[in-house]
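Observations on the model geometry
In case you want the letters, here they are:
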Amino acid sequence: MRVFHLCLFIGIFSFACAQEKKQPNILFIMSDDHCDRAIGVYGGRLAPLNPTPNLDKLAANGMLFENVFCTNSICTPSRATIMTGQYSHTNKVYDLYNNLPGEQHYLTKEMKQAGYATAVVGKWHLQDSPKNVDYFAVIAGQGRYINPVIHVSKGGKKRKIRFNSTFSKEVDVIDTEGHSSDVLTNLSLEWLKNKRDKTKPFFLMHHFKAPHDMFVHADRYKNYLEDVEIPEPDNLYNQPGKHFGSIATRGENDELVEEIGSTVSPNSGKKRSQSHIYQYRKRIKANGQSNQELTHQSYQLYLKEYLRCVKGIDDNLARILEYLKKNNLLENTIVVYTSDQGMFLGEHDFIDKRWMYEESIRMPLIIQYPKMIKAGSRNNWLINNTDFAPTILELAGIETPDYMQGHSFANALKGKKEPKDWRKSTYYRYWMHMAHTHNNPAHFGIRTKRYKLIFFYGVDYTDTHNKVKIKDKEGNRYWKSTPVAWEFYDLEKDPNEMVNQYSNPDYSEIVEKLKKELVGVRKEVGDTDEKFPRIKNIFETNL
């Protein structure tokens, strides 16, 4: 009888230990271009509109991160960084045209090897089909908002699909009906309910297409915010401003102001108003209004369309969380919400991303895990998207591979203090140059918790977009590379980055210190432009 009781005790103890060590499920939800100002809990100017009640609830039950930044603010490179834990120069995904080969789909590889049931659903944007997954259903390229064509791992029919403007291939696809946010959520729920191996923990990467520009919302949101005045950024009408930017972004005598960057302003004098905004021009009644009034109307339309797409994300997030709750999965599931980068919503009269300015590089990050994270907590460690994969791996009980350059911030989730050896600055580089009619010059730099130093080097690494059209004094258009310049911002005193303090003698010591930091960080991460000697020479000449 004693032996029986002993065996029973051992059995119960072993089962309890197994339950304690049980790997958590991990749900990684990523939207496209969803900036923190469009999430209520971040407290930006749009918060009074209550745009994301479900995301706010997720943050109330978990942790909100205040200092998270991408390392290259454009879709494909950011996604490649998240998948590899590497900077763009290491994984070789510099721009929208590079492919991330299947053998470099490291995050899903490590998770699958650790015994996870793995799936990717939604926007993919990495050309090569997802590898190391049990199931995928992805939008091959940018895809459509309505009735998206989905590239699937099983059950599709072969069809040639355009992945980007330079690349198409024949893959298995299915046709769907409905708005992409709804369709993708349906696919993820179907996998969770019926297609996954329920004897294993799951790792699901659910990627919304929304709210990427050329916005199209579900029809049910057409009246959402219809009679609401959307708050405007303080610097919507005074861009470029007297002290913002540099010769690299403005040109001699401001000759590049109308050429560089894309704007929300719809008036005919703004050549930087791109096709993204043309649809709003058609809806604006130009009856002698001032440029400021036209900009106001365009901004209101642009933001409402954007926020209607955000509303669709938030409602579909609720659907997924409700499934987890009803099936007793929420307690043992780490829920991560982020976006691949930030987004300009009229700040400096800009739209899109790409810039190293705050609105573009700042990523929202909210994580809920009741077993580990104190509800309603916040974190201000300096984190970038190379850290996402190492953190997910550690939470799954997997050691970070040597080939990953990021660092796990799992201890932040446990409420521990920031380590003394944690990074003091985060590195950024936008490799494309004067591309896609947005006309952003190539640049790199570092951001600390207070300061930002940016170097615009004015050429393209591929020589593809190495020149930009501008006008001479006679009005003739010609081509030239953009000017080289530095920009420096004190984010504590100037959070909207209105004044470039690079030439201010009061900051000279700090600027020199940050230059040395930039050189050191570039060496540390291995981005020294040895393969691009012209860029290396430009940088060293201008130090």
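The coordinates are above.
Now for a quick tour of the structure. (Residues numbered from 1 in each chain as written. Predicted model: local features only at pLDDT ≥ 70, side-chain atom pairs only at ≥ 80, totals over all residues. Heavy atoms only, no water.)

This brings us to the overall build of the protein. Looking only at helices and strands, the protein has 14 helices and 21 strands in total. By the burial criterion, 60% of the 543 residues in the protein qualify as buried. Contacts in the protein between residues far apart in sequence, at least 24 positions, make up 69% of those at least 6 positions apart. If you sum the accessible surface of the protein, you get close to 22,600 Å²; carbon and sulfur atoms cover 50% of it. (Helix = DSSP H or I, 4+ residues; strand = E, 2+ residues; numbered from the N terminus. Buried < 20%, exposed > 50% of the residue type's maximum accessible area, 1.4 Å probe, protein only. Contact = heavy atoms within 4.5 Å. Areas by Shrake-Rupley, 256 points an atom, 1.4 Å probe, with all protein chains shown as cover.)

Enumeration over the complete set of coordinates arrives at 34 salt bridges. Measuring nitrogen to oxygen at the nearest pair gives 2.9 Å for the salt bridge that ties Arg250 to Asp254. With relative accessibility at 12%, the residue Arg250 sits in the buried group. In this structure Asp254 comes out as partly exposed when scored by relative accessible area, which is 35%. Here Lys449 and Glu418 are joined by a salt bridge, their closest N and O atoms 2.9 Å apart. Residue Lys449 is located in the loop between β17 (443-447) and β18 (451-456), and its partner Glu418 is located in the loop between α12 (410-413) and β16 (426-430); the two are separated by 31 residues in the primary sequence. Three or more residues joined by partner-sharing salt bridges are found here, namely Asp36, Arg37, Arg45, Glu347, Glu358, Arg362, Arg447, Lys452 and Glu497. (Salt bridge = Lys/Arg side-chain N within 4 Å of Asp/Glu carboxyl O.)

Our next topic: the sheet that holds strand β7 (residues 157-164). The strand order across the open sheet built from eleven strands is β7-β8-β6-β5-β4-β9-β1-β10-β13-β2-β14, with neighbouring strands paired in mixed fashion. Where the open sheet ends on each side, the last strands, each with one partner, are β7 and β14 (377-379). Geometrically, the sheet is characterised by an average inter-axis angle of 25° between neighbouring strands, direction not taken into account. The sheet contact formed by strand β2 (residues 63-65) and β14 spans three bridges and is parallel. Bridge pairing links Phe65 to Asn379 in β14. Its contacts with the sheet place helix α6 (residues 180-195) against β4 (117-123), β5 (135-139), β6 (149-152) and β9 (202-207), and it is angled at close to 170° to β9. (Pairing = 2+ DSSP bridges. Axes fitted to C-alpha atoms, helices over the stretch in contact; angles between N-to-C directions.)

Taken as a whole and judged by the stated rule, the model has 32 aromatic pairs. On the basis of an interplanar angle of 80° and a centroid distance of 5.4 Å, the ring pair of Trp431 and Tyr461 is categorised as edge-to-face. Separated by 30 residues along the polypeptide, Trp431 in the loop between β16 and β17 and Tyr461 in the loop between β18 and β19 (468-471) bring together distant segments of the chain. Take Trp431 and Tyr461: they sit in the same class, and that class is buried. Among the aromatic residues, ring-to-ring pairing joins Tyr87, Tyr427, Phe444, Phe455, Tyr457, Trp486, Tyr502 and Phe539 into one connected group. (Phe/Tyr/Trp six-rings, centres within 6.5 Å; stacked < 30°, edge-to-face > 60°.)

What follows deals with the environment of Leu324. Take Leu324: it is sitting in helix α9 (residues 291-326). What makes Leu324 buried here is its relative accessible area of 0%. As for Leu324 and Leu192, which are separated by 132 residues in sequence, their C-alpha atoms are 9.1 Å apart. Sequence-distant contacts of Leu324, that is, excluding residues within four places in its chain, are made with Leu27, Phe202, Leu329, Leu330, Thr333 and Val335.

With that settled, the discussion passes to the sheet that holds β16. What the four strands build is an open sheet, ordered β16-β17-β18-β21; its pairing is antiparallel. At either end of the open sheet lies a strand with only one pairing partner, and these are β16 and β21 (485-490). Sheet twist, expressed as the average angle between the axes of neighbouring strands with direction ignored, equals 15°. Docked against the sheet, helix α13 (residues 508-525) engages β16, β17, β18 and β21, running at close to 110° with respect to β17.

A word on unusual backbone geometry. Of the consecutive residues Ala210 and Pro211, the connecting peptide bond is found in the cis state with omega at -5°. Within the secondary structure, Pro211 is located in the loop between β9 and α7 (247-250). For Asn147, which is not a glycine, the phi torsion comes out positive at approximately 50°. Tracing the sequence through the fold places Asn147 in the loop between β5 and β6. Relative accessible area serves as the criterion here: at 32%, Asn147 is assigned to the partly exposed category.

Here the focus is the packing of α6 against α9. Relative to each other, α6 and α9 sit at 10°, their axes nearing to 10 Å. Put simply, α6 runs roughly parallel to α9. Taking contact as the criterion, the partners of Ser181, Asp182, Thr185, Asn186, Leu189, Leu192 and Lys193 in α6 are, on α9, Gly312, Ile313, Asn316, Arg319, Ile320 and Tyr323. (Parallel < 35°, antiparallel > 145°, perpendicular 65-115°, else oblique.)

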